[in-house]
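Remarks on the overall topology
One letter stands for each residue in the lines below.
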Amino acid sequence: MTDFNQLDPFRKQADPLQLDLVESFAQGKINRRHFIQRGTVLGLSLASISAIVAACGGSSSSGGGGDAATDTGVGGGEVSDTVAVATGGSIKLVMSPPSSEGVNPITMIDLVTYNVCAQVFEYLVRSASDLSIVPQLATEWSGSSDAKTWTFKLREGVMWQDGTPFTSADVVATMEKLVESGNSALTGTLSAGGTTAPDDLTVVFALDAANGHFPYLVSSDNTQSLITPVAWTVKDNLAPGVNGTGPWKLDSLDVKTGAKYSRSDTWWGGKTPLDTVEFIFIEDTAAQVAAVASGEADGTTYFTADQGEVLINDSNMNIVELKSATHNQLWMRVDKGAVIDPKVRQAIAWTFDRQKMIDKSLAGYGTIANDHVMFELYPYFDSAAVEQRVQDIDMAKALLKEAGAEGLSVELPYIKANNMTSLAILTADGMKQAGMDVKLVGSDYSTFYGKFWCPAEPAKPPCSGATDIGIVDYGHRGTPDVYLNAALQSNGVWNSSQYASSTFDTQHAAWSAAVDVDAQKSTAADLEKTLWNDVPVGIPYTINTLGAFNKKFQGIVTTAMGFAFLEAASQT
């Protein structure tokens, strides 16, 4: 039962966005876990969130209590203002090589480069493993009643590694560079000149359109939004001696072999327990697992269960499993080529044996998805919006016949890494059962991204050189903004499907602008229906993120994106 005497002080102090959330929680429209997640996005302090939950008759814990099963697990946490006194030592983590020769924090597109850059640079806020938003370079934030203006207060006393102070001018310059490059989820949300600095510790974002989820777009979920110095340019690559605000200094970097870091003595959070950090780059994913199992490496932020059984069964390993929005999607060109007819794309989606794909590709560590990006773990997901697709070969054959595409022949490019080889084989098998001829084309990350998914030329519209279909991986995000904006919006920077739907664009704008709980749910349902019918992407499942770390290490913060934040890591 809600104690309104305890709740009223917060209701009187809350801004309009926060008030709607508090009222929705008090009325039972959202569960405790979703209230905590959304409360952090809207800038409610953890103390206020805890008190509101208590006033509404519950514990502030985000687990149990009959909440929907959306917890992404353990491992995420808030950055502390001080960390433990240094104990010394080093940690070695293994991962794939970066996908390009230039490790660039603004133009990067792969998960490894994100990890490499995020040790040196920092975000305004971080997205934790439970989808909450926690402070990093910003300590407070709030949105206007129409969600078109967001104000962030910056952490005092932060220094760049050369000893110069970090200020709001660095944030403004970073956002201008992100707008210039067009390689982030800010496209269509923030324009040149939209970021201003009233003083050295305040940043104001005037958005092109209302966005009730904006803090996620300047968090670790929008990976390119790492804050770089004013003098940084779009063409600058990460290199030893680069000037960051993070806990680690980059000492060496070879995109084929690895990166080494040492403690930054200027970091605002204090002295890190470990002296050094090392990333080891190994292309073959089975060899990555072997390196951890043999002790050559101390852990990995991401592995797949089909290859990592030896780690799962190793009593010396801590296994971190996080529910996530990480997924593999089959993009399908809607503007030309073999799958231009929506009936063909629907037919392909009906060939997916989704549970078999999870069992065989992920060893069961996944959740069935339904060809849209409003995944089950999001608070606005509507399970009743559309029918859940299951494999129906007869349906697929009928649709192909209606489209005059019986005997369709296509090439299916994919990345020869992690679970994607198995997924490609199973996808091709289902399509073949419906009478399609499928030739698999596997390649490494660098070749795949540059040749099949999003070639640099032609540059406009982005990704217009993509192949008819292909399987690409997308990392976890605490909100689907990046998928909707970058991968599906007309002329989106990662829109390999070349999807251009005025209906979708209008619905996307309505969802982004939704600031109250009811509007978020209804607009999300609209998007589910449109994507399910148009099928610019086929998404059979989401992937539970798995990381493995030797038990001699503690304090490793991981996220469902596959990030490792190591400022508090220590060893026994």
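Attention in this report is confined to the structure presented alongside it. (Residues numbered from 1 in each chain as written. Predicted model: local features only at pLDDT ≥ 70, side-chain atom pairs only at ≥ 80, totals over all residues. Heavy atoms only, no water.)

**Quick word on the overall build of the protein**
Looking only at helices and strands, one finds 17 helices and 24 strands in the protein. Whereas a compact globule of 572 residues would reach a radius of gyration of roughly 25 Å, the protein reaches 23 Å, a difference of no more than 12%. Expressed along its principal axes, the backbone C-alpha trace of the protein runs to roughly 65 × 55 × 45 Å. For the protein, buried positions account for 59% of its 572 residues. Contacts in the protein between residues at least 24 apart in sequence constitute 72% of all its contacts with a sequence separation of at least 6. Counting every atom, the protein has about 20,100 Å² of accessible surface; 50% of that belongs to carbon and sulfur. Within the protein, one finds 39 positive and 65 negative side-chain charges whose respective centroids are separated by 3 Å. (Helix = DSSP H or I, 4+ residues; strand = E, 2+ residues; numbered from the N terminus. Rg over C-alpha atoms; globule rule 2.2 N^0.38 Å. Buried < 20%, exposed > 50% of the residue type's maximum accessible area, 1.4 Å probe, protein only. Contact = heavy atoms within 4.5 Å. Areas by Shrake-Rupley, 256 points an atom, 1.4 Å probe, with all protein chains shown as cover. Lys, Arg positive; Asp, Glu negative; His and termini not counted. Charge placed at Lys NZ, Arg CZ, Asp CG, Glu CD.)

**Section: the packing of helix H10 (residues 342-350) against helix H12 (residues 393-402)**
It is the contact of H10 with H12, at a shortest axis distance of 8 Å, that shows an interaxial angle of 165 degrees. If you check the angle between H10 and H12, you find them roughly antiparallel. The handedness of the crossing between H10 and H12 is left-handed. Where H10 approaches H12, its residues Lys343, Val344, Gln346, Ala347 and Trp350 are matched on the opposing element by Ile393, Met395, Ala396, Leu399, Leu400 and Glu402. Of the residues in the contact of H10 with H12, the class split is eight nonpolar, one polar and two charged. (Axes fitted to C-alpha atoms, helices over the stretch in contact; angles between N-to-C directions. Parallel < 35°, antiparallel > 145°, perpendicular 65-115°, else oblique. Left-handed = near helix turned anticlockwise from the far one by under 90°. Nonpolar A, V, L, I, M, F, W, Y, C, P; charged D, E, K, R; others polar.)

**Considering the state of the cysteines**
Following the criterion strictly, the structure yields one disulfide and no others. A disulfide bridge connects Cys454 with Cys463, and the sulfur atoms are separated by 1.6 Å. Measuring handedness by torsion sign, the sulfur bridge of Cys454 and Cys463 sits at about -65 degrees and is left-handed. For Cys454, a relative accessible area of 16% gives the class buried. Judged by its relative accessible area of 1%, Cys463 falls in the buried class. Just so you know, Cys117 is unpaired, no disulfide at all, and the nearest cysteine sulfur is the one on Cys454, 19 Å from it. (Disulfide = S-S within 2.5 Å.)

**Structural notes on the layout of surface pockets**
Its volume calculated, the largest pocket comes out at about 550 Å³. Considering the residues around the largest pocket, the lining is formed by 26 residues, among which Thr107, Ile109, Asn183, Cys454 and Ala456 are closest to the centre. Sorting elements by how many residues they give to the lining of the largest pocket places helix H14 (residues 445-453) first, with five residues. Residue classes in the lining of the largest pocket are distributed as 14 nonpolar, 11 polar and one charged. (1 Å grid on protein atoms, 1.4 Å probe; cavity = no way out; pocket = protein on both sides within 12 Å on 5 of 7 lines; lining within 4 Å. Points joined across faces, edges and corners; volume = space filled by probe spheres on them.)

**Examining the packing of helix H2 (residues 16-26) against helix H3 (residues 32-41)**
Direction vectors running N to C along H2 and H3 enclose 175 degrees, while the axes themselves pass 10 Å from each other. Between H2 and H3, the angle is such that the two are roughly antiparallel. In this structure, H2 uses Leu21, Val22 and Phe25 to contact H3, whose residues at the interface are Arg32, Phe35, Arg38 and Gly39. Of the residues belonging to the contact of H2 with H3, the class tally is four nonpolar, one polar and two charged.

Purely spatial values, then, with no claim about function.
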